[in-house]
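# What the coordinates show
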Amino acid sequence: MPKFLAIFLVICSTFFWGANFNVGKYVVNDFAPMIATALRFLIASILIFTIVMIKDRNFLQTFKNNFKMYFILGIIGVAGFNGLFLFGVKYSSPINCALIMSTNPLVTNIFAYFILKKKIFSYQKIGMLISLVGVIIILTQGSLHALLNLNFAFGDILIIIGNICWALYGVLSIRYLSKSSPLATTASTMIIGTIALIVFSFFEGHVDQAFHQSSSIYLAITFMAICGAVLAYLFWNIGMARLGAAQTSIFFNFVPVFTVLVSIFLGHPIYLIQIVGGVIILCGVIISSNVIQLPIKVKKYQRH
């Protein structure tokens, strides 16, 4: 697959996740978070299972051969990440959650360094730093006061753990599932994660909410299932297979940018500081993906 196509698919994933923030906010106003998530991934699992059974005749054998790792990644990357994130948002502020998740490229690169023995090149370090600055500018509206007055609470701890889960999902899938196709990996981890989410949802109570919602709520959950789960996870896994976990992770910084753009589409105003932050993030992503090479001195430095 051409590199530019892999990058495009990864960006589509971040768009779906960015849109999910707005759609999900609408859903959880009337729906218990864990139950809504379980229903979302139940729909996604049925769809992805149908696709993989049609496309991959060896899926069941592949699933059997890699069951242990699929199980670990399903718990970590689907049930763990999504469950911790939803509960984290419940007990924390959006700005804290987004700032913590914006460190995902850094966390992923650290795991890639130790688990995959993947060297972090100079251009990647610079790009990650630039993108992180852009994310911080957007989320704090350029206010140093807002940044200095962040308080880490119980919800923040949950988001930090969720952030680690998502980074591990990418790195471990590359380390141990190199012979598994992105479709097989996505389907297997999503099915296992969905089962775990359904079990967890019973502990939250009020399961009957899944059967008493308006058509608009079900439509929103269906969008989150198809675009924010099936396509987003599949495109992301395709990107990781082609670009690697470290390089793919830097595109995660597009999520808050797309969240802002979708909010604008829904009628919310846009501010100059958000445009500035978005441009900075874009520059960081371009540098980290090595689309535009840095001066020769930096390139020499990375080779020694």
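You'll find the structure just up there.
Conventions used here
Residues numbered from 1 in each chain as written. Predicted model: local features only at pLDDT ≥ 70, side-chain atom pairs only at ≥ 80, totals over all residues. Heavy atoms only, no water. Helix = DSSP H or I, 4+ residues; strand = E, 2+ residues; numbered from the N terminus. Rg over C-alpha atoms; globule rule 2.2 N^0.38 Å. Buried < 20%, exposed > 50% of the residue type's maximum accessible area, 1.4 Å probe, protein only. Contact = heavy atoms within 4.5 Å. Lys, Arg positive; Asp, Glu negative; His and termini not counted. Charge placed at Lys NZ, Arg CZ, Asp CG, Glu CD. Patch = residues over 30% accessible without salt bridge, like charges linked within 9 Å, V, L, I, M, F, W, Y side chains within 5 Å. Areas by Shrake-Rupley, 256 points an atom, 1.4 Å probe, with all protein chains shown as cover. Salt bridge = Lys/Arg side-chain N within 4 Å of Asp/Glu carboxyl O. Axes fitted to C-alpha atoms, helices over the stretch in contact; angles between N-to-C directions. Left-handed = near helix turned anticlockwise from the far one by under 90°. Nonpolar A, V, L, I, M, F, W, Y, C, P; charged D, E, K, R; others polar. Core = buried A, V, L, I, M, F, W, Y, C linked by side-chain atoms within 4.5 Å. Disulfide = S-S within 2.5 Å. Expected span 1.5 Å × (residues − 1). Phe/Tyr/Trp six-rings, centres within 6.5 Å; stacked < 30°, edge-to-face > 60°. Lys NZ or Arg CZ within 6 Å of the ring centre and 35° of its normal. Parallel < 35°, antiparallel > 145°, perpendicular 65-115°, else oblique.

### As for the overall build of the protein chain
Within the protein chain, the regular secondary structure consists of 15 helices and zero strands. Taking 2.2 N^0.38 as the reference for a compact globule, 304 residues should give roughly 19 Å; the C-alpha atoms of the protein chain span a radius of gyration of 19 Å, in line with that estimate. Viewed in the frame of its principal axes, the protein chain has a C-alpha envelope of about 60 × 45 × 30 Å. The buried share of the protein chain, taken over its 304 residues, is 52%. Put simply, of all contacts in the protein chain between residues at least 6 apart along the chain, 89% involve residues at least 24 apart. One way to put it: in the protein chain the 19 positive side-chain charges average out to a point 28 Å from where the 5 negative ones average out.

### Notes on a nonpolar patch on the surface
Taken together, the side chains of I270, L272, I275, V276 and V279 define a hydrophobic patch exposed on the protein surface, amounting to about 440 Å² of accessible area. With respect to the helices, strands and loops of the structure, I275 is situated in helix α14 (residues 272–288).

### Observations concerning the side chain of S131
As for its placement among the helices and strands, S131 is situated in helix α7 (residues 122–140). S131 gets classed as buried once you look at its relative accessible area, which sits at 0%. If near-sequence neighbours (up to four positions away) are discounted, S131 is found in contact with I250, N253, I281, G284 and V285.

### Re the packing of helix α13 (residues 254–265) against α14
Where α13 meets α14, the closest approach of the two axes is 10 Å, and the angle between their N-to-C directions is 145°. In this structure, α13 crosses over α14, and the sense of that crossing is left-handed. When α13 is examined against α14, the residues F254, V257 and V260 are found in contact with a partner set consisting of Q274, G278, I281, L282 and V285. Here the residues of the contact of α13 with α14 sort into six nonpolar, two polar and no charged.

### Digging into the nonpolar core
Counting residues in hydrophobic clusters, the biggest one holds 66 residues, and the most contacted among them are W17, W166, M190, Y233 and F251. Not counting the four nearest positions on each side in its chain, W17 is found in contact with W166, G228, A232, Y233, W236, F252 and V255. Within the second largest apolar cluster, 12 residues are counted, among which are V23, F31, A32 and I217.

### Focus on the state of the cysteines
With the rule as written, the count across this model stands at zero disulfides. Considering cysteine sulfurs only, C12 is the nearest to C227, which forms no disulfide, with 10.0 Å between them. You can call C227 buried: its relative accessible area is 15%.

### Thoughts on helix α11 (residues 215–243)
Taking 1.5 Å as the rise per residue, α11 with 29 residues should run 42 Å; its terminal C-alpha atoms sit 39 Å apart, in good agreement. Looking one or two places after α11, you find G244, whose phi comes out positive at around 95°.

### Re α14
Here α14 is 17 residues long and its end C-alpha atoms lie 25 Å apart, about the 24 Å a rise of 1.5 Å per residue gives. Taken together, the buried positions of α14 are Q274, G277, G278, I281, G284, V285, I287 and S288. Of the surrounding elements, those touching the buried residues of α14 are α7, α12 (245–249) and α13.

### Observations concerning the environment of F4
Within the fold, F4 resides in helix α1 (residues 3–27). Sequence separation between F4 and V133 is 129 residues; the distance between their C-alpha atoms is 25 Å.

### Looking at the packing of aromatic side chains
Scanning all chains against the criterion turns up 23 aromatic pairs. Directly above the ring of Y176 sits R175, whose terminal nitrogen or CZ lies 4.7 Å from the centroid.

### Side note on the environment of P2
Within the fold, P2 resides in the segment before α1. Overall, the relative accessible area of 42% leaves P2 in the partly exposed class. Taking the C-alpha atoms as reference points, P2 and R242, separated by 240 residues in sequence, lie 8.5 Å from one another.

### Observations regarding the packing of α7 against α14
Where α7 contacts α14, the two axes come as close as 7 Å, and the packing angle between them is 165°. It follows from the interaxial angle that α7 and α14 lie roughly antiparallel. Seen from above, α7 lies across α14 with left-handed handedness. In contact with Y123, Q124, G127, M128, I130, S131, G134, V135, I137 and I138 of α7, α14 contributes I273, Q274, G277, G278, I280, I281, G284, V285, I287 and S288. Class assignment of the residues belonging to the contact of α7 with α14 gives a composition of 11 nonpolar, nine polar and no charged.

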